[in-house]
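Fold and geometry: a report
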Amino acid sequence: MVKSKIQRLLDEIESEYKYTCSITGKDTLAPKVKDALLAIPRDEFVPKSYSDSAFYNGPLPIGHGQTISQPYIVAIMTDLLELESDDVVLEIGTGSGYQAAILSQLCKQVYTIEYVPALADMAKSHFEKLGYNNIECKAGNGYDGWPEHAPYDAIIVTAAASQIPGPLIEQLKPGGRMVIPVGLPYMTQELVLVKKDEHGQLEYSDILGVVFVPFQEERGE
Ligand code: SAH
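So, here is what we can say about the structure in this document.

Reading the values: the criteria
- Residues numbered from 1 in each chain as written.
- Predicted model: local features only at pLDDT ≥ 70, side-chain atom pairs only at ≥ 80, totals over all residues.
- Heavy atoms only, no water.
- Buried < 20%, exposed > 50% of the residue type's maximum accessible area, 1.4 Å probe, protein only.
- Helix = DSSP H or I, 4+ residues; strand = E, 2+ residues; numbered from the N terminus.
- Arc of directions from axis to C-beta.
- Pairing = 2+ DSSP bridges.
- Axes fitted to C-alpha atoms, helices over the stretch in contact; angles between N-to-C directions.
- Contact = heavy atoms within 4.5 Å.
- Salt bridge = Lys/Arg side-chain N within 4 Å of Asp/Glu carboxyl O.

1. Observations concerning helix H2 (residues 31–39)
Among the residues making up H2, those that are buried are Val-33, Ala-36 and Leu-37. The arc enclosing the buried residues of H2, seen along the axis, measures out at 100°, which places them on a common side.

Here it is, written out as structure tokens:
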């Protein structure tokens, strides 16, 4: 039952990949991202009252004015990070914990920071219940990253920032990738892919228009 719902969701994600391919340059979901989506029960990460909608390709409320991202967006952001099994990843904006759980299937260790303490606690309880023991979650402002575990092979930000926080750029490893929605809150933002080459040079690519909840307490220049 749940399996067929996930399969239908994967079909929808694949057709959205095809539909957006001319702007994203990606026409097929990477097989290992697909496997991760199949492995993680999204219904465990949404409030009980939304269980029936857990396998629709849309965002859902998770309380505290926040949302679990649309599965297509989770897929493409994960895909863009091109994770390897021994990578260490930083996520800013744990929310429900679903995105972190997907990442945990594809890398060695995930560190994730959530601004709202109650959401951080909820996500931790999901990780514990489901036995994902390569995810460490803490409550706090992710603007400064998590220097203790830096540098990271990949960084993913799931809240919209008006500019890319400097500390996150610093904590990205040479050869690393970051995805972040950049733009004003409550409007369409641009999903930006940042690549840092082996010499520390940065390359920015605009991928897609997206709508994310705001990045809290952003300290811009
Ligand atoms: N990745 C999440 C999506 C959560 S929505 C998921 O899979 O469910 C974005 C989250 O970013 C919200 O929970 C919000 O509280 C959090 N957030 C916003 N600003 C933040 C900041 N400065 N530091 C850490 N988390 C932040």
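Now that the structure has been shown, we can carry on.
2. Here's the deal with the pairing of strand E9 (residues 202–210)
Along a regular strand, successive side chains alternate from one face of the sheet to the other. Here strand E8 (residues 189–196) pairs with E9 via 8 bridges, running antiparallel. Directly across from Lys-195, in E9, lies its bridge partner Glu-203. As consecutive antiparallel partners, E8 and E9 are separated by 5 residues, and within that stretch Gly-200 has a phi angle of approximately 85°, a positive value.

3. Some words on the sheet that holds E8
In sheet architecture, strand pairing relies on hydrogen bonds along the backbone and comes in two forms, parallel and antiparallel. Strand order in this open sheet of 7 strands is E5-E4-E3-E6-E7-E8-E9, and the pairing throughout is mixed. Edge positions in the sheet fall to strand E5 (135–139) and E9, since each has one partner strand and no second. For this sheet, the mean angle separating the axes of adjacent strands, direction not counted, is 15°. Pairing analysis gives 5 bridges linking strand E4 (residues 109–114) to E5, with the strands arranged parallel. Paired with Val-110 across the two strands is Ile-135, which belongs to E5. Set on the sheet, helix H5 (residues 117–130) makes contact with E4 and E5; between it and E5 the angle comes to about 160°.

4. Concerning the pattern of salt bridges
Enumeration according to the criterion identifies 4 salt bridges in this entry. Where Arg-177 meets Asp-87, a salt bridge forms, and the shortest distance between an N and an O atom there is 3.2 Å. Of this pair, Arg-177 sits in strand E7 (residues 172–182) while Asp-87 sits in the loop between helix H3 (71–80) and strand E3 (88–92), placing them 90 residues apart in sequence. Per residue, the accessibility class of Arg-177 equals that of Asp-87, and both read buried.

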